[in-house]
Amino acid sequence: MTRDGLSRSRPRHLWPRAFRHRLLAGTALSLGLAMVLFISRVALQQRSGLLRQSEDRASVLAQALAASNLSEFLESDIQGMVDLLRPLAAYPDLRYAMILTPEGRVLAHTDPSLVGQYLSDEGSRTFLAGPARPTTLIRTDRLIDVGAPILAEGRAVGWVRVGLGQEATTASLRALVRDGAAFTALALVLGAMVSLLVSRRLSAGLDRLVALARETDPNHSDIPSRRDELSELGRAFDRLTRELDHRVRDLQGRERFLHDLMEHLTVAVLSHRLDGALEYANPAALALLGLPLEQIEGRTLQELGVALFQEDGQILEAGEFPVARVLRERTSIRGQVLGFRKGDGTPSRWTLLDAFPEVDLTGGIRRILVALVDITERQEAKIRLKQTLAELEDLYQNAPCGYHSLGPDGTFLRINDTELNWLGYAREEVVGRMTFLDLVTPASRHVFLENFPDFIRRGWVHDLEFDMVRKDGSLLSVLANATAIKNPDGTYLYSRSTLTDVTRRLKAERALRSSQSSLADAQRIARLGNWDLDLVEGTLTWSEEIYHIFELDPAAFGASYEAFLDAIHPEDRERVDRAYRGSLVDRKPYDIVHRLLMPDGRVKHVHERCETHFDPDGRALRSVGTVQDITDQVQAEEERRRLEAEVQHFRRLDSLGSLAGGVAHDMNNILAVMMNLSELQLERLTPSDPAAQSFDLIRKACTRGADLVRKLTQFARKQIEKAEPLDLNALVREQRELLERTTLRKAEWVTDLADPLPVVMGQASEIGNAIINLSLNALDAMPRGGRITLRTRALSTGGVELSVEDNGTGMPPEVLARALDPFFTTKPVGKGTGLGLATVYGTMKAHGGTLEIRSEVGQGTTVHLRFPPPAIVPREASQSQASAGALPPLRVLLVDDDELIRLTLPPLLKDMGLAVETAEDGLQALERLKAPPTVELVILDQNMPQLSGLETLDRIRAEWPTLPVLLASGYREPEIAALPSRHARVATLEKPYSLETLRQTLSRLLSEPPRP
């Protein structure tokens, strides 16, 4: 082999072609694979970053909407929510935004057609039932859906959902993959070309080195012969070194630029180590902290006494500081508003904070960077704006006018508290649920619909009156002013209305009209008119009622003062004129009663009052007055005086009757003794005996005396001559009508009558007089007028109670104790006899009833008259009966406290064949009845000490129910008269009685069989 062949074969042996091809392919494949891995990692990181960025944007937007909608949500301000969502239509990549109730109902949506629907998918239900914190519902390459709670006092009262499309993110990723593929292909091509070039250059260099080695040292034919390739490689290395040095200097320049930028930046920048300690702060941050750099290095914000607080004033705990949050959540904080307060007492500042981690190539966090922008002025302006908005909201809610907004369908979008208070509804009952037409009357609904087209066309309506219906059904009259809110294209969106409550004004207008009508009616009913005399013009104006009183035609009346005088009675004309002219001189009102002479000769009485108005100089300008027709009152007063005279006459008669009744019993006892003695002697003497004539005269005189006493006792009204069934209500109405006429209505008369009411057995005239008596006493107790009430009611016993009540002066206890005493009175001399209540008491006793008086000083007096249930009226025994036969021999007990009776009556009874024993009182009689021998007949006196005759009778009946008893009394009382109807074998006898009457009464009593 030749030397040249050796030289040519050595390079191929050292650098074979196949090896160059493998180097070329391996280098290209390695570069392609590295490029693919690099592009894939970059694409995945870019995708993750873009999704996280979109998620952050959606979360920030959702939380901002949640915070902004809190007040509108709490106030159910649907329109306010719609207004907040409307500007989001221009937000980049926004698919939708909505505001939800906790139940999932859509209150507001960027798509109005979805308002009112409910979200029912599984993801939405899980989200709404989950914790109250921001939540990502959907995170795909096409859509990011984030929900945030609307918080009130830590509780979710609603939700906000925001959906952002990912078309831009997907396009960016596709472009990144596309560019990565292109770069990969380019890398393969470039790698192949670089490998080919390197292999060729290396091969050529090696060949030259081999040739150079051969030329230098023939003994070493394998040493390359070219030295310029090494020089070229050295020069390339020098160029690379210079390029690196240039890059280092450029980076140092950039670092100085960034340092200068930080030093002069107005934004405070803090760099924190992973333990939260500060390692750097730019001058703006040092100024914010108020400390030099050497004092803050290595210390945390808490150690420096710095407190951070939220917009609601809540101070952040250490775990909620931005650095801690970034480390914990491994995410950035963007645009958080925080208060910044130092511990030295200087005023707090407001800052806008951004915090983000600085990561190394492996993704690990190296430090936390915090940027703070001082927004104190802006935040304070925001707070002032918020306060102003709150004040405006308060003014809106509590204005004296009603405000509301209505949607296109008339549904309430918003309504202030004033209007809600007017209507009586809660906000949740109205907003979004009711329309304006639901709250107006049918007539107002017609007015609304009639004016609505013009309202839409013009865009406003003024002073439209509606009648709204409150929740309780009452009416609210309002005056409405409204404005239509439209889109730029003229589409009607909603309306704003202002309502003024004119209920009182309309009520006042109606009341004025009613008052004017009532005044005319009152003048007509009261027969009272008014007049006005203009003294400057000399004109006289009369109301319509005065023309009626004077019976003059308004057209024929001259309407002057002289014409007025002509209408007055001639005898009173001068007196009236003198009174009026005197009032002009004295400048005092006058009050006068005078007469009018009618054309037909009738006379009317009128009461006239007048007062005159004067100017500052004392000149009379105008006289005004009233004229009232009091003809009926004058006639009633005359009638009252007449009736009062009659009443006084009746009272004197009552007094006489009371006196007579008081002595009737004793007189009858005396007459009974005289009559008994005379009849006893007449029984023993012959008719021809001169002494018999004398005793007969005594007996006749006693009979006449008894008749005289009986007539006198009628004035005491202690017995009823003829009882009959009475309707007490009808009797009360009759007496009230009489009293109203006769007392000239000096008091207000009120009747409170129970219906139905049981009948009363009695005498109408007696009860009527009692009512009049009590009513007149009540009037006397009310000198300035008052109210008298006549009341009836049924009693549980079957009886009836009649009450006369007044609100007069009342009686003190010492007067009340003597009110029923005859002749006792507190009235002045000549004003009363003191027998009124005593007479009423006697009437009630005669009717078997009771009287009760209740009175307090200053509280008035009430007198209760209680009548017993109706009883059978006993029929009087016939006086024409034949003389009774002989009485059986019986043992009789005579009980009487009068010794004369006990001495004179036993002989008469013995002549009748009766054995007689006597007792002085009821107690002694009861003791005798218990002892032998047995008593077969008892004769009782009614008026006895200790036990009366009736009380003794009750005890006798309790132990001896069949024992015959004759009750005698010198004064007949209703209780005694009714005894035979209530008790078996009981008879009554009125003193004085004849011997024959006694015999007949005893015969009937003894012949009556016992009742079972």
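Here the residue numbering is sequential within each chain, running from 1 through the sequence in written order. Local features are withheld for residues below a pLDDT of 70 in this predicted model, meaning they are given only at 70 or higher, and side-chain atom pairs are given and counted only at 80 or more; totals for whole chains, interfaces and linings count all residues. Heavy atoms from the whole structure form the basis of all side-chain values; hydrogens and water molecules are not counted.

The name recorded for the protein chain in an unreviewed UniProt entry is histidine kinase, from Geothrix rubra. UniProt positions are given in the numbering used here, feature names are shortened, and annotations may be inferred rather than shown by experiment. Per UniProt, the protein chain carries the Subcellular location (unreviewed entry) text "Cell membrane". The UniProt entry for the protein chain carries the following comment under Catalytic activity (unreviewed entry): "ATP + protein L-histidine = ADP + protein N-phospho-L-histidine."

Our next topic: the overall build of the protein chain. Summing up its helical and strand segments, the protein chain has 30 helices and 33 strands in all. Relative accessibility under 20% of the residue-type maximum defines a buried residue, over 50% an exposed one, and the middle range a partly exposed one, all with a 1.4 Å probe and only protein chains included. Of all 1012 residues assigned to the protein chain, the portion counted as buried reaches 40%. Residue contacts follow a heavy-atom distance rule, with two residues in contact if any of their heavy atoms lie within 4.5 Å. For the protein chain, long-range pairs separated by at least 24 residues make up 56% of all intrachain contacts whose partners lie at least 6 apart in sequence. Entry remark: accessible area of the protein chain is about 56,200 Å², with carbon and sulfur atoms responsible for 55%. Secondary structure elements follow DSSP: runs of H or I no shorter than four residues count as helices, runs of E no shorter than two count as strands, and numbering proceeds from the N terminus. Note on areas: these come from Shrake-Rupley sampling with a 1.4 Å probe, and a residue is covered only by the protein chains present in the view.

Next up on the list: the environment of A691. Position of A691 among the secondary structure elements: in helix α20 (residues 690-713). Taking the C-alpha atoms as reference points, A691 and Q681, separated by 10 residues in sequence, lie 8.6 Å from one another.

Grouped together as the largest cluster of nonpolar side chains are 53 residues, with contacts concentrated most on L65, I99, V160, V162, F412, F436 and M468. Nonpolar cores were defined as sets of buried Ala, Val, Leu, Ile, Met, Phe, Trp, Tyr and Cys residues, with membership established by side-chain atoms within 4.5 Å. Counting residues in hydrophobic clusters, the runner-up holds 35 residues, among them L728, I788, V800 and I853.

This paragraph deals with empty space enclosed by the protein. Summary: where empty space remains is shown by rolling a probe the size of a single water molecule over the atoms. A 1.4 Å probe that fits but cannot get out identifies a cavity on a 1 Å grid over protein atoms alone, an open set with protein on both sides within 12 Å along at least five of seven lines counts as a pocket, and a residue lines either if it has an atom within 4 Å of a point. Grid points are joined across faces, edges and corners, and a volume is the space filled by probe spheres set on the points. According to the stated counting rule, one finds four cavities of 30 Å³ or more in the structure shown. For the second largest cavity, the calculated volume is near 50 Å³. W531, L533, L540, W542, Y561, F564 and E608 are the residues that line the second largest cavity. Those elements that provide at least two residues to the lining of the second largest cavity are β17 (528-534), β18 (539-542) and α17 (561-566). The residue classification treats Ala, Val, Leu, Ile, Met, Phe, Trp, Tyr, Cys and Pro as nonpolar and Asp, Glu, Lys and Arg as charged. All others, Gly included, are polar. Grouping the constituent residues of the lining of the second largest cavity by class yields six nonpolar, no polar and one charged.

This paragraph deals with the pairing of strand β31 (residues 937-941). Judged by how many residues are buried, β31 sits mostly within the fold: five of five residues are covered. When DSSP finds two or more bridges between a pair of strands, those strands are recorded as paired. Sheet topology note: the strand β29 (residues 891-895)/β31 ladder contains four bridges and is parallel. Among the inter-strand pairings, L894 is bridged to a residue of β31, identified as I939. Looking down the strands as they point away from the viewer, one classifies a crossover as right-handed if the path from the first strand across the helix to the second runs clockwise. The parallel pair β31 and strand β32 (residues 965-969), bridged by helix α27 (residues 949-959), forms a crossover whose chirality is right-handed.

Below, the discussion takes up the side chain of H109. Relative to the assigned elements, H109 resides in strand β2 (residues 106-109). On the accessibility criterion, H109 (11% relative accessible area) is buried. Engagement of the side chain of H109 in a polar contact is seen with the backbone nitrogen of D111, the distance being 2.9 Å. In this structure H109 touches L85, Y96, A97, M98, L114 and V115, once residues within four positions along its chain are discounted. Each polar contact in these results corresponds to two N or O atoms within 3.5 Å; when the atoms are within protein, one needs to be able to donate a hydrogen and the other to accept it, and residues that are neighboring in sequence are counted only if both atoms are side-chain atoms.

Spatially, the five strands line up as an open sheet ordered β2-β1-β5-β4-β3, and their pairing is antiparallel. Two strands in the sheet have a free side with no partner beyond their single neighbour: β2 and β3 (135-139). The mean inter-strand angle of the sheet, taken between neighbouring strand axes irrespective of direction, is 20°. Across four bridges, β3 lies against strand β4 (residues 143-152) in antiparallel orientation. Across the sheet, the residue bridging to T135 is G147, located in β4. All axes are obtained by fitting lines to C-alpha atoms, using only the stretch in contact for helices, and the reported angles, taken between N-to-C directions, cover 0 to 180 degrees. On top of the sheet, helix α4 (residues 78-85) reaches β1 (94-100) and β2; it is set at about 35° to β2, its chief contact. Where helix α5 (residues 122-129) meets the sheet, it contacts β1, β3, β4 and β5 (155-165), and its direction lies at approximately 140° from that of β5.

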